[in-house]
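# Topology and contacts: notes
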Amino acid sequence: MSAAASTLRAIPLGRLRGQNNEGILALTIIVLAIVVGIADSSFWRLSTLLNIATSTLDNIVFAMGVLIVIISGGIDVSFMAIGIFAGYAVIVVTNNTGFGADIALVGFALAATIGLGLGMLNALAIAGLRLPTLIATLGTQGIIRGVLLAYVGSKVIPNYPPGLNDLSTSYLLTAHAPSGDTRLSVLILPAIVICVLISLMLRYTMVGRGIFAIGGDAESARRAGFPVVRIQVFIYGLVGVLAGIAGMMHVTQVRLANPYELVGGELDVIAAVVLGGASIFGGKGSVIGTVLGVVLISLIRNSLILLGVPGTWQRAAVGAMLIIGVTAQALGSSARRRPTGGVAMEATT
Amino acid sequence: MSAAAAEPRREDPTARLVRRLVPDASVVRLFVLAVLVLIVFSVASPDFLTLINFQSMGLQVTEVGLLSLAIMVSMLTGGIDLSIISIANVAALVTAQLFAHHGGADAGSQQMGLYVVVGIAAGTACGLLNGVLIAKLRITPILATLGTMQLFNGLAIAWTGGKAIYGMPDSFLNIGNGYVGDVPIPVLILLGGAVLTAIFINRTGRGLRIQLLGANEVAAKYSGLRNERVLFVTYLASAFLASLAGIVIAARSASASADYGASYLLLAIVIVVLGGVNPLGGFGTVTGVVLAAFTLQMVNTGFNQVGFNAFLYQVAQGVILIGALGLSQLSERYGWASRLARAMPWRARGEPGVPEPPGALGPQLRTPGESHREEDVRGRPV
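First, a word on what this report is: a plain description of the structure on this page. Along each chain, the written sequence defines residue order, and numbers are assigned to residues from 1. As a convention, the first chain written is A and the first ligand written is 1, with the rest following in written order. Two thresholds apply to this predicted model, a pLDDT of at least 70 for residue-level local features and 80 or more for giving and counting side-chain atom pairs, whereas whole-chain, interface and lining totals are computed over all residues.

### Observations regarding the overall build of chain A
For clarity, the cut-off: Only runs of H or I of at least four residues qualify as helices and only runs of E of at least two qualify as strands under DSSP, and these elements are numbered from the N terminus. Using C-beta atoms placed from the backbone, we call a residue buried if 20 or more other C-beta atoms fall within 10 Å of its own, exposed if 12 or fewer do, and partly exposed for counts in between. Each residue gets a C-beta atom placed from its backbone, and two residues are in contact if those atoms lie within 7 Å.
On a plain count of helices and strands, chain A comes out with 14 helices and two strands. The buried share of chain A, reckoned over its 349 residues, is 54%. Partitioning the intrachain contacts of chain A with sequence separation of at least 6 by distance along the chain shows that 76% fall at a separation of at least 24.

### Looking at helix α4 (residues 51–76) of chain B
Residues and elements named next belong to chain B. Formally: A helix is expected to span 1.5 Å multiplied by its residue count minus one. Two axes enter the definition of the bend at a residue: one is fitted to the seven residues ending there, the other to the seven starting there, and the bend is the angle between them.
End to end, α4 covers 35 Å across 26 residues, agreeing with the expected 38 Å (1.5 Å per residue, within 8%). The largest bend along α4 measures about 40 degrees and falls at Val61. Where α4 terminates, the next one or two residues include Gly78, which has phi positive at roughly 85 degrees.

### A short note on unusual backbone geometry
Residues and elements named next belong to chain A. For Arg255, which is not glycine, the phi dihedral falls at a positive 55 degrees. Mapped onto the elements of the fold, Arg255 is located in the loop between α11 (228–254) and α12 (266–275). Owing to 13 C-beta atoms within 10 Å, Arg255 belongs among the partly exposed residues under this scheme.

### Digging into the pairing of strand β1 (residues 171–175) of chain A
Residue and element names in this part refer to chain A. Note the threshold: Paired strands are those between which DSSP finds at least two bridges.
As paired strands, β1 and strand β2 (residues 182–185) are joined by four bridges and run antiparallel to one another. Pairing of Tyr171 across the sheet is with Ser185, part of β2. Between the antiparallel neighbours β1 and β2 lie six residues, among them Gly180 with a positive phi of about 135 degrees.

### Quick notes on the packing of α4(B) against helix α9 (residues 185–203) of chain B
In helix packing, the relevant descriptors are the interaxial angle and the interaxial distance, both defined with respect to the helix axes. All names here are of chain B. Selection criterion: In this analysis, axes come from line fits to C-alpha atoms, helices being fitted only over the stretch in contact, and the angle between any two N-to-C directions falls in the range 0 to 180 degrees. For classification purposes, an angle smaller than 35 degrees is called roughly parallel, one larger than 145 roughly antiparallel, one from 65 to 115 roughly perpendicular, and anything else oblique. It is the rotation of the near helix from the far one that decides the hand of a crossing: anticlockwise by less than a right angle makes it left-handed, clockwise makes it right-handed. Under the convention adopted here, Pro, Cys and the residues Ala, Val, Leu, Ile, Met, Phe, Trp and Tyr are nonpolar, Asp, Glu, Lys and Arg are charged, and Gly plus all remaining residues are polar.
Two elements in contact, α4 and α9, have axes separated by 8 Å at closest approach and are oriented at 15 degrees. One way to sum up the angle between α4 and α9 is to call them roughly parallel. Classified by chirality, the crossing of α9 by α4 is left-handed. Within the contact between the two elements, α4 uses Gly58, Leu59, Val61, Thr62, Gly65, Leu66, Leu69, Val73 and Leu76 and α9 uses Pro186, Val187, Ile189, Leu190, Gly193, Ala194, Thr197 and Ile201. Of the residues contributing to the contact of α4 with α9, the split by class is twelve nonpolar, five polar and no charged.

### Let's talk about the nonpolar core
Rules: The term nonpolar core refers to a set of buried Ala, Val, Leu, Ile, Met, Phe, Trp, Tyr and Cys residues connected through C-beta atoms within 7 Å.
The biggest cluster of nonpolar side chains holds 225 residues, and the ones touching the most others in it are A:Val61, A:Phe85 and B:Ile271. At 16 residues, the largest contribution of residues to this core is made by helix α12 (residues 227–253) of chain B. Each residue touching A:Val61, except ones within four places of it in the same chain, is listed here: A:Ala191, A:Ile194, A:Leu242, A:Ile245, A:Ala246 and A:Met249.

### Thoughts on helix α6 (residues 133–152) of chain A
Within α6(A), 15 of the 20 residues are buried, which leaves the element mostly enclosed by the surrounding structure. Where α6(A) ends, the next residue or the one after it, A:Gly153, has phi of about 160 degrees, a positive value.

### What about the interface of chain B and chain A?
At the interface, 60 residues of chain B touch 58 residues of chain A. For the side of chain B that touches chain A, the secondary-structure elements that each account for two or more residues are α7 (141–160), α10 (205–215), α11 (217–222), α12, α13 (264–274) and α15 (312–334) of chain B. Among the elements that make up the side of chain B that touches chain A, the one with the highest residue count is α7(B) (14 residues). Residue classes in the side of chain B that touches chain A are distributed as 33 nonpolar, 24 polar and three charged.

### Topic: the environment of A:Gly244
Residue and element names in this part refer to chain A. Here Gly244 is to be found in helix α11. For the pair Gly244 and Phe212, spaced 32 residues apart in sequence, the C-alpha separation works out to 23 Å. Filtering out sequence-adjacent residues up to four positions away, Gly244 remains in contact with Ile82, Gly83, Ala86, Ala111, Ala112, Ile114, Gly115 and Leu116.

This is the structure in structure tokens:
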């Protein structure tokens, strides 16, 4: 698998293309921005950029978790449930007990801890019971969401503890426009830090290389001496932490803790990660590609409105874009033999 | 049928029926689970074991049951079809729009038949795109159908502006709410769909090729199968079953909308996997899937009657899924499965090797060395 990846790299398609089609993605984004900018000059404003940054920052953190799972050859559909569980539970706990109500950081630490615990549930099912990742996370998604709505709360909470309330109105930048101001949340900073850390971890640490190795071929990774089970526990714990933080970011930003939110949007984030060049077979993917994938989808949504396309066409456009993206990927790597039936067999051949 | 008649060993017809319906240990486990659920809720709620309750459960189970069969067909090849809900809604919308624009609530039965056929045809046509993407362009099924799910749903939203369509004649609504004797018509449709699927999978060349492809793609290729064509047929069949579900949805809810039933997707996957279908492909039984659908419906209704919080049903789904598969995983590791199989004489008879439960998968979706997958197909009376 890693050999296949390196032959892919050896194909002379121009280095700008990037290992995971990042170059093509960036080009698509630039072309799209120019086209939209020509059609409507109001696109070329700082507010558009801030808008996209603000609306994508929680999804980017969610996508980091999904990226790690997909690189390891698995798939996770429980991260949104973990995110909203953590975010909502923190609001409930701080409102009721006053614990850490003045310091937003305590809320985030709490959310990360909750996320870690829920992530361990996944780790237990996947590394312990050895269930397929899709099945395991499908099950935990139901459990986590059900427990949240049945026991933690099912009401929308509009009042926030002071710490988180202040954070939700802290902005780095403000773009003034006649139609109204657009602000960039300070939460962009932790999102960037997380992206950088994940990127460094994947590239330079043993466990990061282990994640790629498992995704390439779990059995080979085991024989090469990687502690596969321990790495899997790490993966699902980390994904839980990231989902908890992302959920907290989301809840902070919308300033309305709604326990019915997020769940159901898993496939959109997975789509963005895959569009960003991560291979659903594992062993392939990058942080930059993932960020570009999330940004591209957000850009399509934003620009369609500016282009005068009715809002009802948004979903169809994103779907068409996704199909074009995965088709391009499939055709681009057709030199590599791919299984047609599913995700299973590449490792055995 | 002819294969069974040609068998030299004479067989008791009841035993043969049992062997057909209960092909492996996972179905036995599921049956035990279903009976347990039935007993628990019959004791807990006086209204549970009544004809009316079973009729209402029957009305509810059909939609998701048909959708589960659609997922099952795609999962047999080791793929998955995430676009089934969107396809079901397309079929429902096409039929509903035809009623709304031509005939309305006064449409005759001939018109109705035509509209239903057109609706199902439109839904099945959506499967064509899946087929092209997966079979011809070789895109991974989960990605291709993730895209088409959004595309079909998006087109449906754009077409209707996101509004629901009403105005269907009573004769059409009867499909979703009527009875034949004491049996709700949707249940008959579900059973009809199940029998059709079972015959398709087990008694036709195409169906067997689908299973072989899922069991071992490379072997299938070297045995001269045109995998491309087999995959194409798979996603057409999946879209057809989804469209059938769409018609039932429209008839039962007396409306059609682009956003109906989004929560059915994960539930259908839960049902299929609980029903013993191997997510890696090559193995699955219609009996198991239908049994799993009814079991979860019983849990759902039972929870309502006992007065549990509605969201606990979601928890129960997850616990049942992980519990059932985790148990089969552990039993395989500690050898309980072979003991259980030995207790099933109709299965073990004359067959080398004990069938392993289909839940016996590795930690990853792509774990190597699934020897049992070949065995499942080989060991099946063809």
